[in-house]
Amino acid sequence: MQDNARYLANVRAQYEALPYPARDPEEERTRLIRTEGDHLATLNHFCYRGRRDFGDFRALVAGSGTGDATIHLAAQLERFPGAGVISIDISEASNDVARARARVRGLKNITFLHGSLLDLDEMDLEPFDYINCSGVLHHLADPDAGLNALKAVLKSDGAMGLMLYATYGRTGIYQMQALMRLVNGDERDIQAKVDNTKAVLGCLPPSNWLKRGEDLVHDHKLFGDVGVYDLFLHEQDRAYTVPEVYDFVERAGLKLVEYYRPRDRVLLDPEACIPDASLLERVRARDLRTQRAVAELMTGRLIKHDFYVAATADTVASPDDLDNVPFLTGGFKAESSRALAAQVRQAPRAPVEINAQIYRYSFQPGRHTAAIFDHLDGERSLGEIYAAVRGATGAGGPSDADLAADFAPVYARMVFGGHLLLRHRSVPAYVAPPAAPAGAPPEGT
Amino acid sequence: MPKDAAYLANVRAQYEALPYPPRDSRDERKRLIRTYSDQLALLNHYGFQGRRDFRGFKALVAGSGTGDGTIYLAEQLKGFSGARVVSIDISEASNDVARARARVRGLKNITFLHGSLLELPERGLEPFDYVNCVGVLHHLADPDAGLKALTAVLKPDGLMSLMLYATYGRTGVYQMQELMRLINGDEPDIQAKVDTTKAVLAELPAGNWFKRGEELITDHRTDGDVGIYDVFLHEQDRAYTVPETYDFVERAGLTLVDYSRPPDRMLLDPANCIRDPGLLERVRALPVREQRAVAELVTGLLIKHQVYAARAPDTVASLDDLDNVPFLVGFPPDAHRQLADQMRRAPGAPVEVRTQAFGYRFTPRRYTAAIFANMDGQRSLGRIFEAVRRDTGEAALTDDDLKADFAPVYRTLEFGGHLLLRHRTVAPLKDPAEGPPGRRR
């Protein structure tokens, strides 16, 4: 605790001086920042088998900073009167920004707490269904203690959305941090340190490793001094490789459910980075974490691990449960299924290429894929869809098992690509909160 | 020791299978590989205050591999009575290559030993004036134990030349090593591992960090399978930063004399990579090792720390000793006069010095041209200064005046590896021939 106490003093000072990330509460009038892992429909699919009704959902945002996740969760949960968000941060300056954002949006379902997540167990809180802790644990002197503190306030069927820095994508950042420690020596003034860093950034040669990986790092350009400090001057900052992430989660007695950003799943898929068939086969023979570790090293691009963890096994909604309703997401609209059906009919054997701008993948349609897409309207359950497919083909048509087997590979690829999710039919469809809060002046007035 | 034993078994197996670096003894008929840091003139300047006569000189090459350092040292030492090279390696296959090379060159002043450098203190050898250990200690399970073993067989006034891998320049290498450990898993076959590595190298995407730093590493392209194994599949391989290198040397009770290669000294000079004057001033106020640590991180280019280390302090030949003879290195024989003429033609104009690998400049001072005109590689500083007084007619000039005038130019050229000192009692050294005597090219 000695170490943690000293750490907290330094890091708290940093975040009091430089609330992170830099946000202007006034912008809440015109846009909602949608933190990907906190999307309730995605959470429901991966962490609650699609069966979660959010009526009394209790979410905790631990290390909430200036409030991106807090606001996104609260905006989504606003329509559930019994649901709420608790938001805790060691920086009161950051909490002030988050509070102002909530005020602008008129959100009343947030409780703000000031303190360390390490003290959560002493705060007498009811346990949580969901804990968001994004970009926080790697800033603790003892991240394992942090994860254990979170687990202590998580319900037994709860889940967490965590983000930890990734070692290889941040290669240049850690060399820059070492450089700035040398250059700054015992300089104490935050602004002087930031100014020195800017001077160094201004004269880095192309051979410098931050420069070699410049495409990967943006915060210092996006967030000004705050970004410069957070990237290059952080008092406490460590990173993890894929195997280290799995180990970290498992040491706490938790299970890594899945990387929640489709772009990361694609990045960590050996198939996307190994064209050589025999080499790919060799890598495919290894367990999932090793496959991902290989892809992480090959591509070198992963800068963060964004993933769900759960206390129990089997939290992902299953296509074997025919009461589950499949629905398109991630940029697809409900009616996109018809376009996909038409595309498959036009070239029944051609792989369907899906280009999501920052990543791409493809799937191979099965015999019944077009017919299944005909009925995949986001309302019908798998059982209803299969019955409708059978109805269209007449007597002696394919059984549920036939159709499920036919759909399985397509389903798996589209879930992997972030375009298909399940919810149990007893749970209402997801309603996305509007970008601007109700009653806010419309844009341009 | 059990850890070392296990390590040795693996690494020995690697080097028995793949002697490193790959060398063909027949090439000795036509060329001599000059391992820069083993040049006797440099050793004399940096390690022996310029006063070393190489008669009776005992050199050790520890982890000699296929013999580059051994052969070059033996070639230079063969004219000195009683001078010998002891060459030790854990790979007998590598020793065989080195022995064959020595045979082609007709070198008789080498003793080859087979074994680990960790056992040196127990082998009853006479202590050494010079120990070369290049690219070896970072392959030991306990590099500190290795350096301790070498220090134990070094004379109190002896010098070491060490090479350790550098962390940042090898950033991509270590990520590749990790990748290959994952992919190769428990594959024991060396050739299968090499083949898989080649398949991976062919597929690396642009974002991969080895790709991002690809220009820094060449061994896997120049040395075939052996190079691939050594770069990407080594069983035991660690690297050091500048501060870690200083600490490593000092933990063994040694002093880091200097980086031995001029391009590395240039690379590690903040003045060469920091253009912002305020920032440079700030960095210049740090101790040398931290200045170098800053430059190492800024440039990201250093892949090896090639350093001299000594037990005693003050081993570098000094400008203060007027009996020292300054001599140009890497210039044609008459260069001192040509440079003097150039300075006289354009007084005060900076003189550019260019090599293939690097360039720098120095600004001549009032007496630089006159000093250079007399700096023939034979005259001592005292005699040069006397000649300058005569040539300029300024009889009142003291030696101290001239030394002060010469010092900045001297330091720049010394830093660039182009000006060294030897005591006047020591004969100038002759560069050995490319091929062995009595052989036709």
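In the block above lies the structure referred to throughout.
The following refers to the structure shown. Owing to the predicted nature of the structure, the values given are computational and were not obtained by experimental measurement.

**Here we look at the overall build of chain A**
Consideration 1: Per the secondary structure count, chain A includes 19 helices and 11 strands.
Consideration 2: For 445 residues, the compact-globule estimate of 2.2 N^0.38 gives 22 Å, and chain A sits close to it at 23 Å.
Consideration 3: Dimensions of chain A along its principal axes, counting C-alpha atoms only, are 80 × 55 × 50 Å.
Consideration 4: A total of 445 residues make up chain A; the buried ones form 57% of that total.
Consideration 5: Across chain A, contacts joining residues at least 24 apart in sequence account for 79% of those joining residues at least 6 apart.
Consideration 6: Accessible surface computed for chain A: about 18,400 Å², of which carbon and sulfur atoms make up 50%.
Consideration 7: Within chain A, the 61 negative side-chain charges are centred at a point lying 4 Å from the centre of the 50 positive side-chain charges.

**Brief notes about the interface of chain A and chain B**
The accessible area lost on association of the parts is a frequent measure of interface size.
Consideration 1: Taken together, the contacts link 40 residues of chain A with 42 residues of chain B.
Consideration 2: Here chain A and chain B share three salt bridges between them.
Consideration 3: R212(B) serves as the salt-bridge partner of D215(A), at 2.7 Å between the closest nitrogen and oxygen.
Consideration 4: Counting across the interface, chain A meets chain B through 22 residue pairs in polar contact (both at pLDDT 80 or more).
Consideration 5: Mapped onto the side of chain A that touches chain B, the elements with two or more residues apiece are α6 (171–184), α7 (190–202), α8 (209–212), α14 (277–284) and α15 (288–299) of chain A.
Consideration 6: Of the residues forming the side of chain A that touches chain B, the biggest block, eight residues, is contributed by α6(A).
Consideration 7: A breakdown of the residues in the side of chain A that touches chain B according to their chemical character gives 21 nonpolar, 12 polar and seven charged.

**Topic: the packing of helix α11 (residues 242–251) of chain A against α15(A)**
Residue and element names in this part refer to chain A.
Consideration 1: Running from N to C, α11 and α15 point in directions that differ by 140 degrees, and their axes come no closer than 8 Å. Judged by the angle between their axes, α11 and α15 are oblique. Seen from α11, the contacting residues are V242, P243, Y246, D247 and E250; seen from α15, they are L288, R289, R292, A293 and E296.
Consideration 2: Split by residue class, the contact of α11 with α15 holds five nonpolar, no polar and five charged.

**Considerations on the side chain of R292(A)**
Residues and elements named next belong to chain A.
Consideration 1: The residue R292 is located in helix α15 in this model.
Consideration 2: Accessibility expressed as a relative area gives 5% for R292, which makes it buried.
Consideration 3: A polar side-chain atom of R292 sits 2.8 Å from a polar atom in the side chain of E258.
Consideration 4: What R292 contacts, discounting residues up to four positions off in sequence, is V242, Y246, E258, Y259, R265 and L268.

**As for the pairing of strand β4 (residues 128–134) of chain B**
Residue and element names in this part refer to chain B.
Consideration 1: Of all the seven residues making up β4, six are buried; the element is thus mostly covered by neighbouring parts of the structure.
Consideration 2: Here three bridges tie strand β1 (residues 58–62) to β4, and the two strands are oriented parallel to one another. Bridging across to β4, A59 finds its partner in Y130.
Consideration 3: Here β4 pairs with strand β5 (residues 154–165) via six bridges, running parallel. Across the sheet, N132 pairs through a bridge with S161, a residue of β5.
Consideration 4: Read from β4 through helix α5 (residues 143–152) to β5, the crossover connection turns out right-handed.

**Notes on the pairing of strand β3 (residues 110–114) of chain B**
One face of the sheet, then the other: side chains in a regular strand alternate in exactly this way.
All names here are of chain B.
Consideration 1: Across five bridges, the pairing between strand β2 (residues 84–89) and β3 is parallel. Within β3, the position partnered with V85 by the bridge is I110.
Consideration 2: Handedness of the crossover is the feature at issue here: the chain leaves β2, passes through helix α4 (residues 92–105), returns alongside β3, and the resulting connection is right-handed.

**Re the sheet that holds β5(B)**
All names here are of chain B.
Consideration 1: Spatial ordering of the open sheet is given by β3-β2-β1-β4-β5-β7-β6, a layout of seven strands whose pairing is mixed. For this open sheet the edge positions go to β3 and β6 (255–259), each flanked by a neighbour on one side alone. The mean inter-strand angle of the sheet, taken between neighbouring strand axes irrespective of direction, is 20 degrees.
Consideration 2: Bridge analysis of β1 against β2 gives five bridges, and the strand direction is parallel. Following the sheet pairing, K58 is matched in β2 by R84.
Consideration 3: Where helix α11 (residues 242–251) meets the sheet, its contacts fall on β5, β6 and β7 (304–310), and the angle it forms with β6 comes to roughly 140 degrees.

**Thoughts on helix α10 (residues 224–232) of chain A**
Consideration 1: By the criterion of burial, α10(A) is predominantly enclosed, with seven of the nine residues buried.
Consideration 2: If you check which residues of α10(A) are buried, you get V226(A), G227(A), V228(A), Y229(A), D230(A), L231(A) and F232(A).

**Here's the deal with helix α5 (residues 143–152) of chain A**
Residue and element names in this part refer to chain A.
Consideration 1: Considered for burial, the residues of α5 that qualify are P143, G146, L147, A149 and L150. One face of α5 carries all of its buried residues, which in axial projection span an arc of 155 degrees.
Consideration 2: N-cap assignment for α5: the residue whose side-chain oxygen lies 3.2 Å from the backbone N of D144 is D142.

**Some thoughts on the environment of Y240(B)**
Residue and element names in this part refer to chain B.
Consideration 1: On the secondary structure map, Y240 appears in the loop between α10 (224–232) and α11.
Consideration 2: As for Y240 and T222, which are separated by 18 residues in sequence, their C-alpha atoms are 24 Å apart.
Consideration 3: With near-sequence residues (within four places) excluded, Y240 lies in contact with H138, P143, L164, Y165, A166, T167, T245, F248, E296 and H305.

**With respect to the sheet that holds strand β5 (residues 154–165) of chain A**
Pairing between the strands of a sheet is mediated by backbone hydrogen bonds and can be parallel or antiparallel.
Residue and element names in this part refer to chain A.
Consideration 1: Taken in spatial order, the seven strands line up as β3-β2-β1-β4-β5-β7-β6 in an open sheet, and their pairing is mixed. Each edge of the open sheet is held by one strand with a lone partner, namely β3 (110–114) and β6 (255–259). Strand-to-strand twist across the sheet, computed as the mean angle between neighbouring axes with direction ignored, equals 20 degrees.
Consideration 2: As paired elements, strand β4 (residues 128–134) and β5 share six bridges and run parallel to each other. In the strand pairing of β5, Y130 is matched with A159.
Consideration 3: Running over the sheet, helix α4 (residues 92–105) touches β2 (84–89) and β3 and is turned about 170 degrees from β3.
Consideration 4: Relative to β6, α11 is tilted by about 140 degrees, and along the sheet it contacts β5, β6 and β7 (304–310).

Here is what the cut-offs are and how they apply
- Residues numbered from 1 in each chain as written.
- Chains lettered and ligands numbered in written order.
- Predicted model: local features only at pLDDT ≥ 70, side-chain atom pairs only at ≥ 80, totals over all residues.
- Heavy atoms only, no water.
- Helix = DSSP H or I, 4+ residues; strand = E, 2+ residues; numbered from the N terminus.
- Rg over C-alpha atoms; globule rule 2.2 N^0.38 Å.
- Buried < 20%, exposed > 50% of the residue type's maximum accessible area, 1.4 Å probe, protein only.
- Contact = heavy atoms within 4.5 Å.
- Areas by Shrake-Rupley, 256 points an atom, 1.4 Å probe, with all protein chains shown as cover.
- Lys, Arg positive; Asp, Glu negative; His and termini not counted.
- Charge placed at Lys NZ, Arg CZ, Asp CG, Glu CD.
- Salt bridge = Lys/Arg side-chain N within 4 Å of Asp/Glu carboxyl O.
- Polar contact = N/O pair within 3.5 Å; in protein donor to acceptor, adjacent residues only side chain to side chain.
- Nonpolar A, V, L, I, M, F, W, Y, C, P; charged D, E, K, R; others polar.
- Axes fitted to C-alpha atoms, helices over the stretch in contact; angles between N-to-C directions.
- Parallel < 35°, antiparallel > 145°, perpendicular 65-115°, else oblique.
- Pairing = 2+ DSSP bridges.
- Right-handed = clockwise from strand over helix to strand, strands pointing away.
- Arc of directions from axis to C-beta.

Without other data, these values stay purely geometric and don't point to any function.
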